[in-house]
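# Notes for the structure review
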Amino acid sequence: GAIVASLGTAKMKGLDDFPTTMSEFTAACSSLQSQGASLLALAGAAGPNVGLTIQGISATRVYADTPDWNQQRTDGEVTFADSQGWKDTLQTFVDLKDAGCFQPGAEGGGFDAITNGLAQGTSVGSFIPSGAAIEISKAAPAEAEFAVEPFPAESGEPMVLGSSNYTLSINAKAQNKEAAADFLTWMAEPAQQQRYYELSGELPVSAFDTLDLTGTIYEPVADLLKNKQYTPLPNNIWPNPSVYEALQVGGPGLLTGQSTIDQVLQSMDAAWGN
């Protein structure tokens, strides 16, 4: 999870390189806004996209400095409400809105705001699953040139989200488990993993660090992946769905002023259950 960006759109709008610092990022937001475009497309009315966006920011604001933050939360050593990293994460989300980084009316936007914005070149990028670049590119002009770009760290090294989101598994009641196991073994071989990537745009978990990502959408983050500068999607580890639901409900309120950072973080703590 990072920013899926159309480098072709960026270049057409005068942005030769994707921003690597926050000052460059907000300056690019202003430049694109003045051209009637946006650096980011956000489905602000869709909790899952708001939640993924905030989690993407948290990779640099929380987990880069404290990779075991989730375990510390499980152990009761930290809370969302008292975490400066989580406060910074939500503040950055608000700052992006205030800096004009999202498209006009982002708080009411659905997923079509992302697909249309990226395909039609009115937005450069969005926090969406990296594999989505393959689908969106089919509706975009050839020169769109999609790539996965890291969100700038506030300071220090960048970090991205990297999780296994979809898996092949065998039903416990399957009648032909031996054949199914053979198929999974075959699927895990390098040639099939490479083909899976080519078709889906998603990196295979068993071989991603051995693939040559030169010339692929992952080239900008290839070194981060090989250096293990990534953290799992936080809500994959949180103890129950209600924690992420609290973020998905409270996050859009940050765009409209209907909720505060403290309220959102307190609701996540309450959902955690301790």
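Shown above is the structure to which this text applies.
Structural notes, computed from the coordinates.

### Side note on unusual backbone geometry
Among all residues save glycine, negative phi is the norm, and among peptide bonds the norm is trans. With phi around 50 degrees, Glu145 is a residue other than glycine that occupies positive phi space. Here Glu145 lies in the loop between helix H7 (132–139) and strand S4 (146–149). Residue Lys228 is not a glycine yet carries a positive backbone phi of 60 degrees. Looking at where Lys228 falls in the secondary structure, it is placed in the loop between helix H10 (222–226) and strand S6 (230–231).

### Looking at the state of the cysteines
What the rule picks out here adds up to one disulfide. There is a disulfide in this structure between Cys29 and Cys101, and the S-S distance comes to 2.1 Å. Negative torsions about the S-S bond denote left-handed disulfides, and the value of about 105 degrees found for Cys29 with Cys101 makes this one right-handed. One end of the pair, Cys29, is in helix H2 (residues 22–34); the other, Cys101, is in the loop between helix H5 (84–98) and helix H6 (111–120), and 72 residues separate them in sequence. We note that Cys29, like Cys101, is buried.

### Some thoughts on the packing of helix H11 (residues 241–256) against helix H12 (residues 261–272)
At a minimum axis distance of 8 Å, the contact between H11 and H12 shows a crossing angle of 165 degrees. By the criterion of interaxial angle, the relationship of H11 to H12 is roughly antiparallel. Along this stretch, H11 crosses H12, giving a crossing that reads as right-handed. Contacts between H11 and H12 pair Ser242, Val243, Ala246, Leu247, Gly250, Gly251 and Leu254 from the former with Ile261, Val264, Ser267, Met268, Ala271 and Trp272 from the latter. Considered class by class, the residues forming the contact of H11 with H12 number nine nonpolar, four polar and no charged.

The rules we used
- Residues numbered from 1 in each chain as written.
- Predicted model: local features only at pLDDT ≥ 70, side-chain atom pairs only at ≥ 80, totals over all residues.
- Heavy atoms only, no water.
- Helix = DSSP H or I, 4+ residues; strand = E, 2+ residues; numbered from the N terminus.
- Disulfide = S-S within 2.5 Å.
- Buried < 20%, exposed > 50% of the residue type's maximum accessible area, 1.4 Å probe, protein only.
- Axes fitted to C-alpha atoms, helices over the stretch in contact; angles between N-to-C directions.
- Parallel < 35°, antiparallel > 145°, perpendicular 65-115°, else oblique.
- Left-handed = near helix turned anticlockwise from the far one by under 90°.
- Contact = heavy atoms within 4.5 Å.
- Nonpolar A, V, L, I, M, F, W, Y, C, P; charged D, E, K, R; others polar.

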